[in-house]
Amino acid sequence: MADPAAIELANQKCASVVAPAGCGKTHLISESVSHTNGCQLVLTHSHAGKSAITTRMRAMRIPVERYCVETLDSFALKYAKAFPNLGEVAKEALESFNWPAICRGTAKALEKIPVQNIVQATYAGIFVDEYQDCDKSQHELVVSLARLLPCRILGDPLQAIFRPLHKNEALSWTNAIEAFPLIGTLSTPHRWKDNLGLGKWLLHVRQSIENGKAVPLTNHGVQGLTVIQSADYKDKLTACRNYLRRSDGKAIILHRFPNQCHALASKLRNSCSVFEDIRCGELEQPAKEIYELAGYDRMKAVIKFAHRWLSNIPSSVKNAGDRLLLGGNPKTKDAQAISVIQQLKRICESNDLLVVDAALAEYEQLSPTFKSSEVWKGMRKAIQTFDSNEGLTLLQTVQHQRDILRRLGRKLPNRSIATPLLVKGLECEHALVFDLDAIESNESLYVSLTRASATLTLLTDKDCIDPFV
């Protein structure tokens, strides 16, 4: 049976819908497309979002000629490259991927009749997903498109977790709905179909956050919600270990900062992995150093990388590495340390990066704890696939691999630690918020609370959730 909300949205010329987490936004977009004529341009912000929408369209058997799903930036780049003179986009802006300049250039090109004719001949309407993640330049582009075709936007101001990153380009939700009048808010917690009590409680929490009211956490009576009141770090570690041991399905621990995630992963000893930023900036400097340095200096760069990202390695190996970093000659009878030292010294004798990988493999034989297995494995994979004949540096090889991941989209590991910023738009069965009291915004709070469909565990020393007013 057709959803009246989908039909209403499909018939709008200019409209917006607020879509709380887990309330069926992707399904609404897909079904709305099925009630339109011609090809609909569906714009989103990430390749993961593009994949999710495309997958839903296919599942609903919507003919492929009825939709075209693109990221907003890729759409803008395509038109900016095609019409650089009409859009007045500088070559430097295109080469450096200056996204605000590219989006504004495309918006300017859309003022010209030839470009308008192309857009109107190609598409019959537009849907824009995750509109709260738009900055001002992207908003200007979408408004330009809306002058040519019916345009509907969907988003959630309480999930505008990227807004601080936009700085002066940040777009307020008020400005968004001034351009695209609000026609409704989704209110059915589909993500929690197997635990409606938790889903309804989260909608209540959402309303309380919007109204600036505290939410009691004592005697809550919500199935799947566990509140552990303690400020003691050891108690929290115990709670994490018990949580990871009991949870079936995907389980995530949410922490505020990346360095806190790495430290917690070290304490939990390989029971979960840190979900890194897609760019994985932690790899950039060591990849640059290992590639550019040679001999003893390259060996020192490898030791520093190992000491940074491994913990719980034998003290004999750690002490030997420290001696080498200081320029000394480590004297040890420990077999493990001798084996690692021999492999490290081979780096001084060869320019082959595979010798570096062999040294990293030797460290792995020690059964260490990875502070970030994604960083460690990312370095090893980059070294293993590096080909000097391709004309790329090791850093460029790392960046190429991360770009492939970005395009394909990533799924959460079965056991992971992440910041709220990195899991927005993702979901799992279980979530634990490590330090509820340290969350710095209503947006981070709401995103953290709404990732899990089955159980939610909150570690706090308070008896309520206090929204930011």
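For the structure itself, consult the block above.
No experiment lies behind these values; they were computed from the predicted model shown. (Residues numbered from 1 in each chain as written. Predicted model: local features only at pLDDT ≥ 70, side-chain atom pairs only at ≥ 80, totals over all residues. Heavy atoms only, no water.)

Asker: Would you explain the overall build of the protein chain in this entry?
Answerer: The helix and strand inventory of the protein chain stands at 23 helices and 16 strands. Once the C-alpha set of the protein chain is aligned to its principal axes, its extents read approximately 80 × 65 × 40 Å. Counting only contacts in the protein chain whose residues sit at least 6 apart along the sequence, the fraction spanning at least 24 positions is 77%. When the accessible surface of the protein chain is split by element, carbon and sulfur atoms take 50% of a total near 21,800 Å². (Helix = DSSP H or I, 4+ residues; strand = E, 2+ residues; numbered from the N terminus. Contact = heavy atoms within 4.5 Å. Areas by Shrake-Rupley, 256 points an atom, 1.4 Å probe, with all protein chains shown as cover.)

Asker: Explain the sheet that holds strand 10 (residues 273–274) to me, please; I cannot follow it from the model alone.
Answerer: Backbone hydrogen bonds are what pair the strands of a sheet, in a parallel or an antiparallel way. Ordered in space as 8-15-14-9-13-10, the six strands form an open sheet in which the pairing is parallel. Sheet topology places strand 8 (225–229) and strand 10 at the edges, where each strand pairs with a single neighbour. Where strand 14 (residues 428–433) meets strand 15 (residues 452–460), five bridges bridge the pair, whose relative direction is parallel. Within the sheet, the bridge partner assigned to Leu 432 lies in strand 15 and is Thr 457. Sheet contacts for helix 14 (residues 258–268): strand 9 (251–254), strand 10 and strand 13 (415–418); angle to strand 13, the most-contacted strand, approximately 150°. (Pairing = 2+ DSSP bridges. Axes fitted to C-alpha atoms, helices over the stretch in contact; angles between N-to-C directions.)

Asker: Can you walk me through helix 23 (residues 442–449) in this structure?
Answerer: One full turn of an α-helix is made of 3.6 residues, so residues set three or four places apart face in the same direction. In terms of burial, helix 23 is a largely internal element, eight of the eight residues being buried. All of the buried residues in helix 23 are Asn 442, Glu 443, Ser 444, Leu 445, Tyr 446, Val 447, Ser 448 and Leu 449. (Buried < 20%, exposed > 50% of the residue type's maximum accessible area, 1.4 Å probe, protein only.)

Asker: Got a minute to help me understand the pairing of strand 14 in this structure?
Answerer: On a regular strand, one side chain projects to one face of the sheet and the next to the other, so that they alternate. Most of strand 14 is tucked away: five of the six residues are buried. Bridge count for strand 9 against strand 14 is four bridges, and the pairing is parallel. Each bridged residue has a counterpart across the sheet, and for Ala 251 the counterpart in strand 14 is His 430. Between the parallel elements strand 14 and strand 15, the chain passes through helix 23 in a crossover that is right-handed. (Right-handed = clockwise from strand over helix to strand, strands pointing away.)

Asker: Where do I start with the sheet that holds strand 1 (residues 14–18) in this structure?
Answerer: Sheet architecture is open: six strands sit in the order 3-2-4-5-1-6, paired in parallel fashion. Where the open sheet ends on each side, the last strands, each with one partner, are strand 3 (67–71) and strand 6 (182–185). For this sheet the average axis-to-axis angle between neighbouring strands, irrespective of direction, equals 20°. As judged from the five bridges shared by strand 1 and strand 5 (residues 151–155), these two strands associate in the parallel manner. Residue Val 17 lies in a different strand from strand 5, and its bridge partner there is Leu 154. Each of strand 2 (40–44) and strand 3 touches helix 3 (residues 47–59); the most contacted strand, strand 3, lies at about 165° to it. Contacts from helix 4 (residues 72–82) reach strand 2, strand 3 and strand 4 (125–128) within the one sheet, and its direction differs from that of strand 3 by about 95°.

Asker: Can you walk me through a positive patch on the surface in this structure?
Answerer: A cluster of like positive charges, contributed by Lys 234, Arg 241, Lys 267 and Arg 269, occupies part of the molecular surface. As for its placement among the helices and strands, Lys 267 is situated in helix 14. We classify Lys 267 as partly exposed; its relative accessible area is 45%. (Patch = residues over 30% accessible without salt bridge, like charges linked within 9 Å, V, L, I, M, F, W, Y side chains within 5 Å. Salt bridge = Lys/Arg side-chain N within 4 Å of Asp/Glu carboxyl O. Lys, Arg positive; Asp, Glu negative; His and termini not counted. Charge placed at Lys NZ, Arg CZ, Asp CG, Glu CD.)

Asker: Help me understand unusual backbone geometry in this model?
Answerer: With the exception of glycine, most residues fall at negative phi, and the peptide bonds are largely trans. A positive phi is found at Asn 270, a non-glycine position, where the angle reads about 65°. Counting through the fold element by element, Asn 270 comes out in the loop between helix 14 and strand 10. For Ser 367, which is not a glycine, the phi torsion comes out positive at approximately 55°. Taking relative accessible area as the criterion, Ser 367 reaches 61% and is therefore assigned exposed.

Asker: Would you mind showing me how to read the pattern of salt bridges here?
Answerer: Between side chains of opposite charge, a pair can form as their charged atoms come close. Applying the stated criterion across every chain yields a total of 20 salt bridges. Between Glu 130 and Lys 25 there is a salt bridge, and its shortest N-O distance comes to 3.5 Å. Of this pair, Glu 130 sits in the loop between strand 4 and helix 9 (136–146) while Lys 25 is found in helix 2 (residues 25–34), placing the two residues 105 residues apart along the sequence. Residue Lys 25 is classed as buried on the basis of its relative accessible area, which comes to 13%. Residues joined by salt bridges that share partners form a network here, namely Lys 25, Asp 129, Glu 130, Asp 133 and Lys 424.

Asker: Explanation requested: the packing of helix 4 against helix 7 (residues 99–109) in the structure shown.
Answerer: Geometrically, a packed helix pair is captured by the angle between its two axes and the distance between the axes. In the contact formed by helix 4 and helix 7, the axes pass within 8 Å of each other and the chain directions differ by 65°. Judged by the sense of rotation from one axis to the other, the crossing of helix 4 with helix 7 is left-handed. Across the interface between the two elements, Asp 73, Ala 76, Leu 77, Tyr 79 and Ala 80 of helix 4 pack against Trp 99, Ile 102, Cys 103 and Thr 106 of helix 7. Its residues placed into classes, the contact of helix 4 with helix 7 shows seven nonpolar, one polar and one charged. (Left-handed = near helix turned anticlockwise from the far one by under 90°. Nonpolar A, V, L, I, M, F, W, Y, C, P; charged D, E, K, R; others polar.)

Asker: Can you help me understand the packing of aromatic side chains in this one?
Answerer: Remark: the centre distance and the inter-plane angle together describe each pair of aromatic rings, the angle taken between the planes. Under the definition given, this model contains eight aromatic pairs. On the basis of an interplanar angle of 65° and a centroid distance of 5.7 Å, the ring pair of Tyr 233 and Phe 434 is categorised as edge-to-face. Pair noted here: Tyr 233 is in helix 13 (residues 233–246) and Phe 434 is in the loop between strand 14 and helix 23, with a separation of 201 residues, a long-range link. Given the relative accessible area of 37%, Tyr 233 is considered partly exposed. (Phe/Tyr/Trp six-rings, centres within 6.5 Å; stacked < 30°, edge-to-face > 60°.)

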